[in-house]
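Okay, here's what each chain looks like letter by letter:
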Amino acid sequence: MKSGRVFPLLLSALLITVGGGYWLLSSAGTSSADTRTTLPDPKIAQRYAEKPNPLGDEGVADLVGSGSNDEWACSSCHGEGGEGSLNVPRLAGLPAGYLIKQLNDYQSGARYNDNMQFVVKGLSSDELIALGHYYAGLETPPSAKPAFNGDLDRGRQLALEGDWSIDAPACFSCHGSSGWGVGEIFPGLAGQHPVYTFTQLNDWHNGDRSNSPIGLMKSVAGQLSRQDMQSVSDYLAGLVPPQPRTEGNAANPVDGSADQAHQSGDNDE
Ligand code: HEC
Ligand code: HEC
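On a predicted model such as this, the values are computed, not experimentally measured, just so you know.

Draft legend 1. Representation of the site of ligand 2. The environment of ligand 2 is formed by 27 residues, the closest being Cys171, Cys174, His175, Tyr196 and Met217. In the model, an oxygen atom of ligand 2 is placed 2.8 Å from a nitrogen or oxygen of the tyrosine 98 side chain. One of the side-chain N or O atoms of arginine 209 is found 3.1 Å from an oxygen atom in ligand 2. At the level of elements, α6 (96-108), α10 (172-175), α11 (194-206) and α12 (216-221) are the ones that each hand at least two residues to the shell around ligand 2. Among the elements that take part in the shell around ligand 2, α11 stands out by supplying four residues, more than any other. When grouped by side-chain class, the residues that make up the shell around ligand 2 number 18 nonpolar, seven polar and two charged.

Structure representation (structure tokens):
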């Protein structure tokens, strides 16, 4: 059990090193130092996840279901099961550390969105931690569908192999062999709503989202055309989404090696 946990840590470290090297190469000659100085701790999501859930799942029920006042319940936008729709992301089954980092980033302004900044404004750090653990633990059926009429073969190529002719690494080299994420730092992408995925890629491409560790996603999205972003978003939408990573869940074990989902990814079309 212990050694099973060492592997994802090593893998995360390796991916950060590889990704960082790629970033350094691809950003040579451009001024990307801003993302490094505003984000000094690339493993912050890991550290958030190590904090125990301070309120328990019951402690977040009000925030999720009715909000601090009625209009701002999480479920009013993200759905009862955190399933999301259109540009509102699916949250169910994403890593707790990643989710907590995003909530903190909205609060600090490191990630910008009117709705989410309003929502988290009055929440305590204990509440943010509890909400992250809550959504990470939800098992919710898939509901995403392709939206852009994208080229699914091209999307699959970008996800699984990348395209070195445009300096684009394979998405799954960081996001896990099935797009189910790796550890707490690399979120799952499979089964996400394509309008949301596309919006994020486009925001990184244009510099409107700049909160990924050491600028990793800025350098990836910067290489992609609009059509490529739509194709990969549509491809990812058709995959089985990640399920909660608990000790007993063979489909998505704690070490993130979700080999079973790879099959469905391969047989997607
Ligand atoms: C008014 C609608 C609305 C409400 C209410 C709302 N959200 Fe969101 N949420 C959004 C939208 C839209 C986005 C995507 C924003 C962006 O593009 O950055 C988002 C993004 C997020 C993200 C980032 C997910 C990711 O994959 O990076 C998290 C985490 C999140 N919301 C959690 C919550 C929680 C927890 C609550 C309740 C306390 C909540 N949201 C309430 C609309 C809402
Ligand atoms: C070098 C590693 C790396 C590669 C390659 C990579 N990503 Fe990422 N990606 C990350 C990291 C790290 C994050 C988390 C960002 C954060 O913490 O805010 C991320 C976040 C994302 C998100 C945000 C998810 C959410 O819920 O908001 C999307 C979408 C995404 N990546 C899509 C892609 C796609 C599509 C590709 C391939 C074209 C790709 N990534 C390739 C490292 C990578």
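Let us keep going from here.
Draft legend 2. Focus on the coordination of the iron atom of ligand 2. Here the iron atom of ligand 2 is held by the protein donor atoms His175 (NE2) and Met217 (SD), which lie 2.0 to 2.2 Å from it. Around the iron atom of ligand 2, the six donor atoms are arranged such that angles at the metal cover 85 to 178 degrees; this shape is classified as octahedral. With a gap of 42 residues between them, histidine 175 in helix α10 and methionine 217 in helix α12 connect regions that are remote in the sequence. By relative accessible area, histidine 175 is classed as buried at 9%.

Draft legend 3. Fine view of the coordination of the iron atom of ligand 1. Around the iron atom of ligand 1, the donor atoms from the protein are His78 (NE2) and Met116 (SD), and they sit 2.0 to 2.2 Å away. Seen from the iron atom of ligand 1, its six donor atoms lie at angles of 87 to 179 degrees, and the figure they make is octahedral. Of this pair, histidine 78 sits in helix α5 (residues 74-78) while methionine 116 sits in helix α7 (residues 114-120), and the two are 38 residues apart along the sequence. On the basis of relative accessible area, methionine 116 is assigned to the buried category, the value being 17%.

Draft legend 4. The arrangement of the site of ligand 1 in detail. With respect to spatial proximity, 25 residues lie near ligand 1, and among them Cys74, Cys77, His78, Tyr98 and Met116 are the closest. A distance of 3.1 Å separates an oxygen atom of ligand 1 from a polar atom in the side chain of tyrosine 196. Between ligand 1 and the protein, one listed contact pairs an oxygen atom with a side-chain N or O atom of glutamine 200 at 2.9 Å. At the level of elements, α5, α6, α7, α8 (125-136) and α11 are the ones that each hand at least two residues to the shell around ligand 1. The leading source of residues in the shell around ligand 1 is α6, at five residues. Classifying every residue of the shell around ligand 1 gives 17 nonpolar, seven polar and one charged.

Draft legend 5. A look at the pattern of salt bridges. Tallied over the entire structure, the rule returns four salt bridges. The partner of aspartate 41 in a salt bridge is arginine 47, and the shortest N-O contact between them spans 2.9 Å. Two residues, aspartate 163 and arginine 154, come together in a salt bridge whose shortest N-O distance is 3.0 Å. Across the pair, arginine 154 and aspartate 163 agree in class, each one buried. Put simply, Arg154, Asp163 and Asp228 are held in one network by salt bridges that share partners.

Procedures and definitions
Residues numbered from 1 in each chain as written. Chains lettered and ligands numbered in written order. Predicted model: local features only at pLDDT ≥ 70, side-chain atom pairs only at ≥ 80, totals over all residues. Heavy atoms only, no water. Near = heavy atom within 4 Å. Polar contact = N/O pair within 3.5 Å; in protein donor to acceptor, adjacent residues only side chain to side chain. Helix = DSSP H or I, 4+ residues; strand = E, 2+ residues; numbered from the N terminus. Nonpolar A, V, L, I, M, F, W, Y, C, P; charged D, E, K, R; others polar. Donors = N, O, S within 2.8 Å, 3.2 Å for Na, K, Ca; no water. Tetrahedral: all angles 85-135°; square planar, octahedral: opposite > 155°, others 65-115°. Buried < 20%, exposed > 50% of the residue type's maximum accessible area, 1.4 Å probe, protein only. Salt bridge = Lys/Arg side-chain N within 4 Å of Asp/Glu carboxyl O.

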